[in-house]
Amino acid sequence: MAKNVRFGEYLQVVSVDTASITYSNVLPQPIFDAQGREVPQKVTKLIMSGSDIVNLLQPYLSTRFMEQVTAVVPLAVFLAVFQWLVLQKPVAEAALIGTGLLAVMIGLMIFMEGLKLGLMPFGDIIGSNLPRKLPLPGVLAIAGLLGIGVTYAEPAIGTLQVAGSIVDPQKAPYLYTMLNDRVTWTVLVVGIGVGVAAILGTVRFLYDWSLKPLIYLSLAPVILLTAYCALDPLLATVVGLAWDCGAVTTGPVTVPLVLALGIGVANSGGKGNSALSGFGIVTLASVFPILAVLALAVFWRFTVPVDVISAEFAAKSAAAAATTAKAWYEVPPGSDVKMGVQAIVPLVLFLMVVLFGILREKLPNAFIIVWGLFLCVLGMCTFNVGLTAGLAALGSQTGSLIPGAFVGIEAMPNAPLYPYAVGTFLAAAFAWALGYAATMAEPALNALGLTVQNLTNGAFKKSMLMYAVAIGVATGIMLGVCKLIFNFNLLYILVPGYILAFILTAMSTEEFVNVGWDSAGVTTGPVTVPLVLAMGLGFGKAVGALEGFGILAAASIAPICAVLMLGIYVQWKTKKELAGNLA
Amino acid sequence: MAKRRMTNLIDVSLMTCVIQKGMADTINKALLELGVQGATVHMGVGTGVRERMGLLGVAVDVEREIISFMVPSDQVDRIFERVFIVGRLDTPGMGYVYVTPLLQAATYIPPNLTERA
């Protein structure tokens, strides 16, 4: 018998199993005590079935994991394909490196989530409450100490130790000692540099200082010290390291935590309304560590003679030969775990002392925060394991093979693969493409681009800024690699670069100065830094250069110039259009 | 002077969906496919996740998007169901959707549409 069914009813039956219940049946019934007063309800925990939990966690995990995948996988694939097609050598130990890269992605994912849940609430509470409870000098002291603490917690800082193991103590004694026996001091002065930057940045927020004089005043001594070191044959090798340290410090822990405090102080002083709040600290945090590391190098130069370093090295190698069995925390992955714990725990202890000791505040949702801190440590350890086995290994492998394109190297029997001119061009092109891809994949750049687009009412488009920064970084990395190929002094890149940047700074408005100088620090994240650093070191070793640092330094100055130039162009164009409209 | 015209819309309901931050775009896309236009999105913060879900609550963003839009009363079921499915509202902590009756509504209506009705 034919029956008419509404199509809507039909769809409803096949797609969703619908039922209706009264809401009152779902909520708990009111409870009354003997006197007839209502008893407060107890909050019951939600009981979830397995499929509910899967549904809940699947999008949560996949979006966070994909964020890291997009940052790591394209770069790794690019390196591997280049090595395979152009250098005609497949990636050695591909399984180990792949596992390492997986550890990097998982580690960063866990670390970032831990940062959001565990460390950021601290930063927010301290930032908003500290200025009300302490006078300004106290706040600044804590900002400085925080700067030191966050430096240790920065994921990329572990790269320095990895890099140190490659340096030859005979050829570059001071570089060797600063990365091995005296690495604690190096990291400490980098931290102090960030601390000073945090103090200055906070004061700048408060009194609304222009960034321009700060840049001139802080960079002038840096350039002078650089020139002094570069002319001293024993210290020349340290220059690259010092400038690279500036890029290492401005990562995902330092920037938000120091910013939270700085903005909190500025708000309490009633000066937090400027659209530019938050810019400038990144620049300062990348300049002061350079100064600190250079000063430390000069200090060692005058206090520790070269023989002492050689003696220490000999003693250390003898000791290493004598002791066969190392403790579990001295060999990877145990050492990586130790490093991870060392990085996070002091920072957390410091934040807790400030919070409970000085502010006497309680933590909301303490359980979640503790879980976040646990994730931070876990993520940091996982990342460190992957850093050594994955990112650094891949970078140094490719880096050490690239010179095979134009000169004979040991690792490649059929090298050089190409005529000298073609080979050097290939190496430079590779460096350019690597820099471009790494920068475009950096999530922080996207955020910066959006801010700038809003700041300039759309005159400076997000995509324009991203292209400018990416082309700048790419050109910088290419220049850095050229420095290794032709073995010229890093000064020849830094001095003209910074002179150009100074001139452009003087010509630009305050907004573009802030954005331009910050863009360099933003682009060097926890994936790019280890990869580029390891590539440079491997490359330098293969061509017989003393050290492979300096690539990141070159990659910092180029985007500054690129963004400032673009800024001046945009201003000129806007002005011209305005004049055209009026006429 | 010509008289200003106002057309009252009747048989109309307001549907509101409170959903995790970032999902409003997904809902809005589905709504456009259903022919529903002009959804409004507010931002808000929810509670209950931390209290009732424990550690699993970290997977839920307490920041919410509240997307509200008008639908024809006779199409409520169809659209309601679609929003439920697209928004994955059968997941714990995801959000909820509700319908409220409206007495009348008025807005700009393209003249060709008023003539057709």
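Throughout, residues of each chain are indexed from 1 in the direction in which the sequence is written. Chains and ligands are labelled by the order in which they are written, letters from A for the one and numbers from 1 for the other. Only residues with pLDDT of at least 70 get local features here, since the model is predicted, and only at 80 or more are side-chain atom pairs given and counted; chain-wide, interface and lining totals rely on the full set of residues. Only hydrogens and water are set aside when side-chain values are computed; all heavy atoms of the structure are taken into account.

> What should I look at first to understand the overall build of chain B in this one?
When helices and strands are counted, chain B shows 4 helices and 6 strands. Where helices and strands are cited, they refer to DSSP runs of H or I of at least four residues and of E of at least two residues respectively, numbered from the N terminus. Order of helices (α) and strands (β) in chain B, N terminus to C terminus: β-β-α-β-α-β-α-β-β-α. For 117 residues, the compact-globule estimate of 2.2 N^0.38 gives 13 Å, and the C-alpha radius of gyration of chain B, at 17 Å, exceeds that figure by more than 25%. Principal-axis analysis of the C-alpha atoms gives chain B an extent of 65 × 30 × 20 Å. When accessible area is computed with a 1.4 Å probe and restricted to protein chains, residues below 20% of their type maximum are described as buried, those above 50% as exposed, and intermediate ones as partly exposed. Looking at chain B as a whole, 35% of its 117 residues are labelled buried. The long-range share in chain B, meaning contacts at least 24 apart out of those at least 6 apart in sequence, stands at 76%. With the model as given, the accessible surface of chain B reaches about 7400 Å², and the carbon-plus-sulfur share is 54%. Counted charges follow a simple rule, with Lys and Arg positive, Asp and Glu negative, and His plus the chain ends left uncounted. We put the charge of a Lys on NZ, of an Arg on CZ, of an Asp on CG and of a Glu on CD. Averaging the positions of the 12 positive and the 12 negative side-chain charges in chain B gives two centres separated by 5 Å. Computation of the radius of gyration draws on C-alpha atoms, with the globule rule given as 2.2 Å multiplied by the number of residues to the power 0.38. For this analysis, residues touch if any pair of their heavy atoms sits within 4.5 Å. Here the accessible surface of atoms and residues is derived via Shrake-Rupley with a 1.4 Å probe, and residues count as covered only by protein chains that are part of the display.

> Would you mind going over the overall build of chain A with me for this structure?
A tally of regular secondary structure across chain A gives 22 helices and 2 strands. Its C-alpha atoms give chain A principal-axis dimensions of about 90 × 65 × 60 Å. Buried positions account for 50% of the 583 residues belonging to chain A. Counting contacts in chain A only where the partners sit at least 6 residues apart, residues at least 24 apart contribute 83% of the total. In the form shown here, chain A has an accessible surface area of approximately 26200 Å², with 68% of it arising from carbon and sulfur atoms. Positive and negative side-chain charges of chain A, numbering 28 and 27 respectively, have mean locations separated by a distance of 5 Å.

> Would you explain the sheet that holds strand β4 (residues 63–72) of chain B in this entry?
Remark on secondary structure: sheet strands pair via backbone hydrogen bonds, oriented parallel or antiparallel. Residues and elements named next belong to chain B. As summarised here, the arrangement of the 4 strands in space is β3-β4-β2-β5, forming an open sheet in which the pairing is antiparallel. Edge positions in the sheet fall to β3 (40–45) and β5 (95–102), since each has one partner strand and no second. Neighbouring strand axes in the sheet, compared pairwise and without regard to direction, differ in orientation by 25° on average. Contacts from helix α1 (residues 24–34) reach β2 (12–20), β3 and β4, with the element oriented near 15° to β4. Any two strands between which DSSP finds at least two bridges are classified as paired. For helices, the fitted axis covers only the stretch in contact; all axes are lines through C-alpha atoms, and the angles between them, taken along N-to-C directions, range from 0 to 180 degrees.

> Looking at this structure, I do not really get a nonpolar patch on the surface. What am I missing?
Residue and element names in this part refer to chain A. Nonpolar side chains collect at one region of the surface, where V73, V77, V81, W84 and L85 lie side by side and expose about 460 Å² of accessible area between them. As for its position among the elements, V73 is in helix α3 (residues 50–85). Classification of V73 as partly exposed rests on a relative accessible area of 33%. A residue counts toward a patch only above 30% relative accessible area and without a salt bridge, and it is joined to like-charged neighbours within 9 Å or, for Val, Leu, Ile, Met, Phe, Trp and Tyr, to nonpolar neighbours within 5 Å. When a carboxyl oxygen of Asp or Glu lies within 4 Å of a side-chain nitrogen of Lys or Arg, that pair is called a salt bridge.

> Could you clarify how one ought to interpret the pattern of salt bridges in this entry?
Two side chains that carry opposite charge are able to pair once their charged atoms sit near each other. Residue and element names in this part refer to chain A. Enumeration over the complete set of coordinates arrives at 5 salt bridges over all chains. Two residues, E113 and K116, come together in a salt bridge whose shortest N-O distance is 4.0 Å. Of the two residues, E113 and K116 are both situated in helix α4 (residues 94–133); the distance of 3 residues between them amounts to about one turn of the helix. A relative accessible area of 7% places E113 in the buried class. You can call K116 partly exposed: its relative accessible area is 45%.

> Just checking my understanding: could you explain the packing of aromatic side chains for this structure?
Within a pair of aromatic rings, the relevant descriptors are the distance that separates the centres and the angle that separates the planes. All names here are of chain A. The aromatic pairing rule takes the rings of Phe, Tyr and Trp, using the six-membered ring of Trp, and pairs them if the centres are within 6.5 Å, calling planes under 30 degrees apart stacked, those over 60 edge-to-face and the rest tilted. By the definition in use, this model includes 12 aromatic pairs over all chains. Where Y216 meets F502, the ring centres are 5.5 Å apart and the plane angle is 80°; that geometry is what we call edge-to-face. Taken together, the residues span a long stretch of sequence, with Y216 in helix α9 (residues 211–231) and F502 in helix α19 (residues 491–507) at a distance of 286 residues. The class for Y216 is partly exposed, based on a relative accessible area of 29%. Three or more aromatic residues joined by ring pairs make a cluster, and in this case those are F78, F82 and F430.

> Is there a simple way to explain the layout of surface pockets in this structure?
Rolling a probe over the atoms, with the probe sized like a water molecule, indicates the empty space that remains. Taken as a whole, the largest pocket encloses approximately 1600 Å³ of empty space. Cavities and pockets are found on a 1 Å grid laid over the protein atoms alone: a cavity is a set of points where a 1.4 Å probe fits but cannot escape, a pocket is an open set with protein on both sides within 12 Å along at least five of seven lines, and a lining residue has an atom within 4 Å of such a point. Around the largest pocket sit 42 residues that line it, and A:Y23, A:V26, B:L89, B:G95 and B:Y96 are the ones nearest its centre. Every element with two or more residues in the lining of the largest pocket is listed here: α2 (23–26) of chain A together with β3, α2 (49–53), β4, α3 (76–86) and β5 of chain B. Among the residues making up the lining of the largest pocket, the classes are represented as 23 nonpolar, 11 polar and 8 charged. Grid points are joined across faces, edges and corners, and a volume is the space filled by probe spheres set on the points. Amino acid classes used here: Ala, Val, Leu, Ile, Met, Phe, Trp, Tyr, Cys and Pro are nonpolar; Asp, Glu, Lys and Arg are charged; the rest, including Gly, are polar.

> What's the story with the confidence of the model for chain B in this structure? I'm lost.
Any residue range with low pLDDT should be treated as having predicted coordinates unsuitable for detailed reading. Residue and element names in this part refer to chain B. Think of pLDDT as the predictor's per-residue confidence, scored from 0 to 100. Per-residue pLDDT for chain B averages 88, and the proportion of residues at 70 or more is 98%. β5 holds the highest mean pLDDT among the elements of chain B, 95, whereas α2 holds the lowest, 77. Across the assembled chains, the prediction reports ipTM 0.73 with pTM 0.77.

> Is there a simple way to explain the pairing of β4(B) in this structure?
Two faces, one strand: in a regular strand the side chains alternate between the faces of the sheet. Residue and element names in this part refer to chain B. Pairing between β2 and β4: 9 bridges, direction antiparallel. From the neighbouring strand, S13 faces β4, where its bridge partner is V71. Of the pairings in the sheet, the one linking β3 to β4 comprises 6 bridges and is antiparallel in character. Each bridged residue has a counterpart across the sheet, and for M43 the counterpart in β4 is E65.

> Would you take a moment to explain the packing of α9(A) against helix α12 (residues 281–303) of chain A for this structure?
The description of two helices packed together rests on the angle between their axes and the distance between the axes. Residues and elements named next belong to chain A. Where α9 contacts α12, the two axes come as close as 10 Å, and the packing angle between them is 30°. Judged by the inter-axis angle, α9 sits roughly parallel to α12. Once α9 is placed against α12, the crossing between them reads as left-handed. Taken together, the residues of α12 that come into contact with α9 (itself represented by L211, L214, S218, L219, P221, V222, L225, T226, Y228 and C229) are T283, L284, V287, F288, I290, L291, L294, A295, V298 and F302. Its residues placed into classes, the contact of α9 with α12 shows 17 nonpolar, 3 polar and no charged. Put simply, angles under 35 degrees are roughly parallel, angles over 145 are roughly antiparallel, angles from 65 to 115 are roughly perpendicular, and the rest are oblique. By definition, turning the near helix anticlockwise from the far helix through less than a right angle yields a left-handed crossing, and turning it clockwise yields a right-handed one.

> Would you take a moment to explain empty space enclosed by the protein for this structure?
Residues and elements named next belong to chain A. Within the structure shown, the criterion is met by 2 cavities of 30 Å³ or more. Of the voids in this model, the largest cavity is the one considered here, and its volume is about 150 Å³. In terms of lining, the largest cavity is formed by 15 residues, of which the most central are S286, I290, Y498, S556 and I560. Of all the secondary structure elements, the ones that give two or more residues to the lining of the largest cavity are α10 (236–249), α12, α20 (510–522) and α22 (551–582).

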